Amino acid sequence: MQISRVAKRAVLASLTSAALAGWTTDGQAQDYKARAWAASCGGCHGTDGRTEAPEFPALAGKPKAELLQALLEFKNDTGTKKPTVMHQHAKGYSNEQLERIAEYFSRQKR
Amino acid sequence: MSKFDRRTFLKAAAATGAATGLSSLTGCATTPASAGRVVVIGGGFGGATAAKYIKMWAPNIDVTLVERNGAFVSCPFSNLVLGGSMKIDEITVGYGKLGPNYGVKVVRGEATGVDTAKQTVTLAGGTTLPYDRLLLAPGIDFMYETIPGLNNAAAQERIRHAWRAGPETVALRAQLEAMPDGGIFAVVIPKAPYRCPPGPYERACQVAHYFKARKPKSKVLVLDGNPDLTSKKGLFLAAWNGEYKGTIEYRPNQELQDVDVKSNTAIFTFDKQRADVLNVIPPQRAGAIAHRAGVANINGRWCAVNWLTTESAVVKNVHVIGDATQSAPLMPKSGHMANNHGKHAADAIVALMTGRAVNDEPIIANTCYSWINNREVVHVASVHAFDKKEQTFVSVKGAGGLSPAANVKEGVYARAWADAIWSDMLG
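First, a word on scope: everything that follows refers to the structure included in this document. (Residues numbered from 1 in each chain as written. Chains lettered and ligands numbered in written order. Predicted model: local features only at pLDDT ≥ 70, side-chain atom pairs only at ≥ 80, totals over all residues. Heavy atoms only, no water.)

This paragraph deals with unusual backbone geometry. Residues and elements named next belong to chain B. Put simply, alanine 192 and proline 193 share a cis peptide bond, and its omega is 5 degrees. Mapped onto the secondary structure, proline 193 falls in the loop between strand 11 (184–189) and helix 8 (199–214). One non-glycine residue, asparagine 264, lies in the positive phi region at around 55 degrees. The backbone of asparagine 299 sits at a positive phi, close to 55 degrees, despite the residue not being glycine. Of note, asparagine 299 is situated in the loop between helix 10 (288–292) and strand 19 (305–306). Exposure remark for asparagine 299: the relative accessible area of 68% places this residue in the exposed category. (Helix = DSSP H or I, 4+ residues; strand = E, 2+ residues; numbered from the N terminus. Buried < 20%, exposed > 50% of the residue type's maximum accessible area, 1.4 Å probe, protein only.)

Inspection of the secondary structure puts B:Phe270 in the loop between strand 15 (265–268) and strand 16 (272–274). When the C-alpha atoms of B:Phe270 and B:Asn253 are compared, they prove to be 10.0 Å apart, with 17 residues separating the residues in sequence.

Residues and elements named next belong to chain B. The interhelical angle for the contact between helix 7 (residues 167–178) and helix 8, taken along N-to-C directions, is 35 degrees, at an axis separation of 11 Å. The crossing of helix 7 and helix 8 is right-handed. Where helix 7 abuts helix 8, its residues Leu172, Arg173, Leu176 and Glu177 lie against Arg203, Val207, Tyr210 and Phe211. A per-class count over the contact of helix 7 with helix 8 returns 5 nonpolar, no polar and 3 charged. (Axes fitted to C-alpha atoms, helices over the stretch in contact; angles between N-to-C directions. Left-handed = near helix turned anticlockwise from the far one by under 90°. Contact = heavy atoms within 4.5 Å. Nonpolar A, V, L, I, M, F, W, Y, C, P; charged D, E, K, R; others polar.)

Residue and element names in this part refer to chain B. Ordered in space as 13-12-11-17, the 4 strands form an open sheet in which the pairing is parallel. Unpaired on one side and paired on the other, strand 13 (248–251) and strand 17 (277–280) mark the two borders of the sheet. In this sheet, neighbouring strand axes are inclined to one another by 15 degrees on average, regardless of whether the strands run parallel or antiparallel. Bridge count for strand 12 (residues 219–224) against strand 13 is 4 bridges, and the pairing is parallel. Looking at strand 13, one finds that leucine 223 is bridged to arginine 251. (Pairing = 2+ DSSP bridges.)

All names here are of chain B. Taken as a whole and assessed by the stated rule, the structure comprises 16 aromatic pairs over all chains. With centroids separated by 5.6 Å and ring planes inclined at 85 degrees, the aromatic side chains of phenylalanine 77 and tryptophan 371 adopt a geometry described as edge-to-face. Of the two residues, phenylalanine 77 sits in the loop between strand 3 (71–73) and helix 4 (78–83) while tryptophan 371 sits in strand 22 (residues 363–371), which places them 294 residues apart along the sequence. Taken as a pair, phenylalanine 77 and tryptophan 371 share a single burial class, namely buried. Seen in terms of ring centroids, tyrosine 201 and phenylalanine 236 are 5.7 Å apart; in terms of plane orientation they differ by 55 degrees. Their pairing is tilted. Taken together, the positions of tyrosine 201 in helix 8 and phenylalanine 236 in helix 9 (residues 233–240) put the pair 35 residues apart, joining distant regions of the chain. The two residues tyrosine 201 and phenylalanine 236 agree in class, both being buried. Through a chain of ring-to-ring contacts, three or more aromatic side chains come together here, namely Phe77, Tyr369, Trp371, Trp417 and Trp422. A cation over an aromatic ring shows up here: arginine 173 above the ring of tyrosine 210, its NZ or CZ 4.2 Å from the ring centre. A cation over an aromatic ring shows up here: lysine 333 above the ring of tryptophan 302, its NZ or CZ 3.9 Å from the ring centre. (Phe/Tyr/Trp six-rings, centres within 6.5 Å; stacked < 30°, edge-to-face > 60°. Lys NZ or Arg CZ within 6 Å of the ring centre and 35° of its normal.)

Here it is, written out as structure tokens:
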């Protein structure tokens, strides 16, 4: 059953990461720093990446690899599409920070 | 973790025998103990966002949002109302979703006092709200005492600022509509820092756009208290030397001393200028409640904060965000910036109230669109990371930038941005 599997994973996470103080709905330890960084994106891409405007792609629930690739392409100007503003934002973050942001959005409910 | 998941989790924990070390959690599963009370004053881009995000991230914190107006009216895009491309109701959003969707208590009222020793806020009418942490997002007030002729209500009805969107915007639009063709519209800009650096130049574009279509013999004068354009200079000059050539005239170093209301004249140090529609954007300071709370400690105007937490530099348990702050270097006073302040403050306040470590590497960003006409837009963007050595946000080198030129594509994005950010704060 879906729920008990989620719950079991939460227990495992709690045992391994002990008092990490927070869990996400999928039972993983909460990366508060990544959540705070990712919150900035919500101004355009919607709260937690659930977009309210069709012009801005949804980020919630997208595969991490896909999100990270897009962010790195923006940062390094290697994408096929010419962005208007995303290249200027992506350059403000380290690769590690971008990876954690991608991870955060990949775990959000669509 | 939602309540449902937490309950499921505890059941599973009990079943697997893992609950032994987690017994302290059972209390919060059944009767969530309050983690304390936050009062937010001001429901603009900063305050409304913070109220929503605190509840979203910590449902057990009690959050009350005090707002004097019945609905939010956006300053971004209000210049489009002046130019006739949008209506005021299209830039107005209600507070109705913050309660049902997030559990924010929205109180319509005017905060008149703060007792920072007793940690209470007083509202007009006498209601007292206790707080564990107070978040002030009061925006700006106008320093009318620096313009003697404008320092009374009758004068302010005639010469508008329209720098807080709402009835002011509608009133200035009505003046523009009533102005005969061949008239002069003059916008007077205060010395920086002021709310929305590119806003006055966008306003000039929007009024000129209206004049070109409806009153082609009319002129726009931009009377700037600064030595040069403070934002997006090249992009605005391209429009002023292009489609608005002969309509918009720019004059730098116009420091306003006074106005003569009878003749609609702005009086500068060495010069004066009459206008058919005179629009004075007065010098600004943090909203009044920040002064009453004793947190406006910079030149009697702005509030210095510890940018790691947004807590006031001078009063404990009082946070300040948005235009009212003494801005970090190169950080503009903008709505998008305040929205980002709101989330940063929410994260810090939740951390402080739930006993987790504060994020020591916050990063926030700004995107600001300006309308050149009714289709083409330009932007400026920046990323601001907290610098441990400087103990403030610094603009990240190599990030941020401007549009290469005014373009229609960003006009589409700008419209989407407005819907998105209004929903991010109020939806």
